[in-house]
Each structure stands twice: as C-alpha cells, then as structure tokens.
Amino acid sequence: MDERKARVRTWLAELRDRICASFESLEDALTGQLSDRAPGRFARKPWTRPSDDGADAGGGVMSIMKGRVFEKVGVNVSTVYGRFSPDFAKEMGVADDPRFWASGLSLVAHMQNPHVPAVHMNTRHMITQKHWFGGGADLTPMFPDDVARDDFHAVLKRACDRHNADYYPRFKKWCDEYFFLPHRNEARGVGGIFYDHLDSGDWEADFAFMRDVGLAFLDAYPHIVNKTMNRPWTADERTHQLVRRGRYVEFNLLYDRGTRFGLQTGGNVEAILMSLPPEACWP
C-alpha cells in the first residue's frame, strides 16, 4: 500500500509541474490585450496540516499564478491523513474506523479574457476502510462557445473510451447533475466528466484512468486557451464575465464536496478557497 501511495503522490506532482509549465508558456505567447504586461509565473507555497496531538497529518503545496492570460489560477497538490471527526466519519460511512489517507490535485483557472472559458479539474485517491479514485474536469465558458465545448468533450471521451465504453456517458451525466445550481435552476457551465468512488477491483487500471484524465485535461484546455486568448473584448463583456463568476462562487461555497471535505478535515483554508475568483459581481 505504501508503494501505491508513493506512486500516486509522484504522479500528482509530475502532473502539476507539466500543467504549470504549459500555462506559463501560454502567458509567454499572448499577443492581444494585456500583452504589454509581464507574463505571469507560478508562486509555490507549502503548508502543513495541523493535528490535535502534534502528529504528522500531511500537507501540500499551493501553486498560484496571477498573469496576463490567467487572472488567477491555482494548481494545488496535497496529501492529508489522520482521523475524521466523529460526525464526519459517520457522514462518510466509516464511523467504526475513522482513519483516512487522501492525496489529490485541484485546479481552477479564472481568465482575463472573457472569451476564454474558466476551467476546473481535480483528481484524487482516497483510502479509508476501502480505497477509490475520483475526479474529473469541467468547462465554464462565459459566452456560448460550441467549438470549445465540443473539443473539450471530445478529448475527455477519447480518454474514457480507452478504458471503458461506459465511462464517458456515465461520467458526463454525473458531471451535468453535479455541477448544477438548484437555487438558480441552471448548469454551472458546459460540463465535462465527473466520477467518484471508482474501484473496479483492478487498482492498476483505475490508477491508469486517473492519469489519463489528467493528461486529457493537459491536452484539451491549453489548446482552447491558445485559440481564444487573443480575441478582443469590451468593458460590457468583462462585466458579463464577472456576473457569471458569481455563479461559480455560489456553487463552490454552497455545494462543492471538495470544499466541504477540505474544511471538515482541517485543510489549509487558503488552499481550499483558491477556487474563488479574484473578482466577481452580482447584478
């Protein structure tokens, strides 16, 4: 089990590094609005998870960039372990043995240009009395963009189909149902895939799928950014973007399970809330 944990942690750090390098290269390539600014670069900040008894409880590294393409993007990795609180252990269905280990990567990007979709991706491995994988990626254009939507879904579908023909339709439906704001009766964006509690009985196959989801994101999203980041935008389009970001805030604070898990397990609040945009508004 320790060898598997090490492999997961190594992969997440490698994926983080590849994503950060790709995003910094997009910062360098901008030629449109804001190209007179210096390209952004990621700043990394390690953190340690506190524990009541002083024992090692894990931690992580935040990687945050505020640039001329990416208004704010966080690519955070963490590995935390210990015991759930009694109430949360009951909620997780492990009241008789609250020990847990969780390692994951969480990414949210809010863009300067309103014509570049925002995006979210996460991937994780959880061990309690059982073990499973979870994660996914979803796209949130500020304006309708059928090309970006179709390209994003096509890459995710290919990744899913390499593993199981049932994965894409099942995980797409799961994503559509999960990233939905009931109080507004609207979807957060144009979806993607979302899965959780994946344990096929073949750990190697499930880990391979986790990796392929991360690589699919790395293939799909930078391509979308590159195609849209030099489009001109207006002040009215910027205002529309900020209103749409308000929906993002509402979902993450009201419904997001990752936010709830991080807060319930004593995670770093700054890292947990890095998904929130630097600016948003409500009409």
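In what follows, the structure referred to is the one given above.
Everything quoted here is computed from the prediction, not taken from an experiment.

Caption draft 1: Quick look at the nonpolar core. In this structure, Ile19, Phe23, Phe70, Leu107, Phe152, Phe217 and Tyr221 are the most contacted members of the largest nonpolar core, which totals 53 residues. Ranked by the residues each element gives to this core, the list is headed by helix H5 (residues 203–228), at 12 residues. Within the second largest apolar cluster, 17 residues are counted, among which are Met62, Ile64, Ala102 and Met126.

Caption draft 2: Up close: helix H1 (residues 2–29). Taking 1.5 Å of rise per residue, the 28 residues of H1 would be expected to cover 40 Å, and the 41 Å separating its terminal C-alpha atoms lies within 8% of that figure. Restricting attention to buried positions, one finds in H1 the residues Lys5, Val8, Trp11, Leu12, Leu15, Arg16, Ile19, Cys20, Ser22, Phe23, Leu26 and Glu27.

Caption draft 3: Main features of the environment of alanine 154. Of note, alanine 154 is situated in helix H3 (residues 146–161). Put simply, alanine 154 and histidine 120 are 34 residues apart on the chain and 17 Å apart in space, counted from C-alpha to C-alpha.

Caption draft 4: Structural detail: the packing of H3 against helix H4 (residues 167–178). Across the interface, H3 lies against H4 with an axial gap of 8 Å and an inter-helix angle of 130°. For the element pair H3 / H4, the angle class is oblique. Where H3 abuts H4, its residues His153, Leu156, Lys157, Cys160 and Asp161 lie against Tyr167, Tyr168 and Lys172. Tallied by class, the residues present in the contact of H3 with H4 amount to 4 nonpolar, 1 polar and 3 charged.

Caption draft 5: Up close: the side chain of aspartate 206. Turning to its location among the elements, aspartate 206 is positioned in helix H5. Discounting chain neighbours no more than four positions away, the residues touching aspartate 206 are Phe133, Tyr167, Leu198, Asp199, Ser200 and Gly201.

Caption draft 6: The arrangement of the side chain of arginine 247 in detail. Note on placement: arginine 247 falls in helix H6 (residues 235–254). The contact partners of arginine 247, leaving out residues within four places of it in the chain, are Leu181, Arg184 and Glu186.

Caption draft 7: Local environment of H6. For H6, which comprises 20 residues, the first-to-last C-alpha distance of 29 Å matches the rise-based estimate of 28 Å (1.5 Å per residue) to within 8%. If you check which residues of H6 are buried, you get Arg238, Gln241, Leu242, Val243, Arg245, Gly246, Arg247, Tyr248, Val249, Glu250, Phe251 and Asn252.

Caption draft 8: Structural context of the environment of valine 80. Assignment of secondary structure puts valine 80 in strand E3 (residues 70–83). For valine 80 and isoleucine 224, which are 144 residues apart along the polypeptide, the C-alpha to C-alpha distance reads 33 Å.

Caption draft 9: Representation of unusual backbone geometry in the model. Backbone geometry at asparagine 185 places phi at a positive 55°, although glycine is not the residue there. Within the element layout of this structure, asparagine 185 appears in the loop between strand E7 (180–181) and strand E8 (186–187). Since its relative accessible area comes to 61%, asparagine 185 is described here as exposed. For histidine 197, which is not glycine, the phi torsion reads 55° and is therefore positive.

How each quantity is defined
- Residues numbered from 1 in each chain as written.
- Predicted model: local features only at pLDDT ≥ 70, side-chain atom pairs only at ≥ 80, totals over all residues.
- Heavy atoms only, no water.
- Core = buried A, V, L, I, M, F, W, Y, C linked by side-chain atoms within 4.5 Å.
- Buried < 20%, exposed > 50% of the residue type's maximum accessible area, 1.4 Å probe, protein only.
- Helix = DSSP H or I, 4+ residues; strand = E, 2+ residues; numbered from the N terminus.
- Expected span 1.5 Å × (residues − 1).
- Axes fitted to C-alpha atoms, helices over the stretch in contact; angles between N-to-C directions.
- Parallel < 35°, antiparallel > 145°, perpendicular 65-115°, else oblique.
- Contact = heavy atoms within 4.5 Å.
- Nonpolar A, V, L, I, M, F, W, Y, C, P; charged D, E, K, R; others polar.

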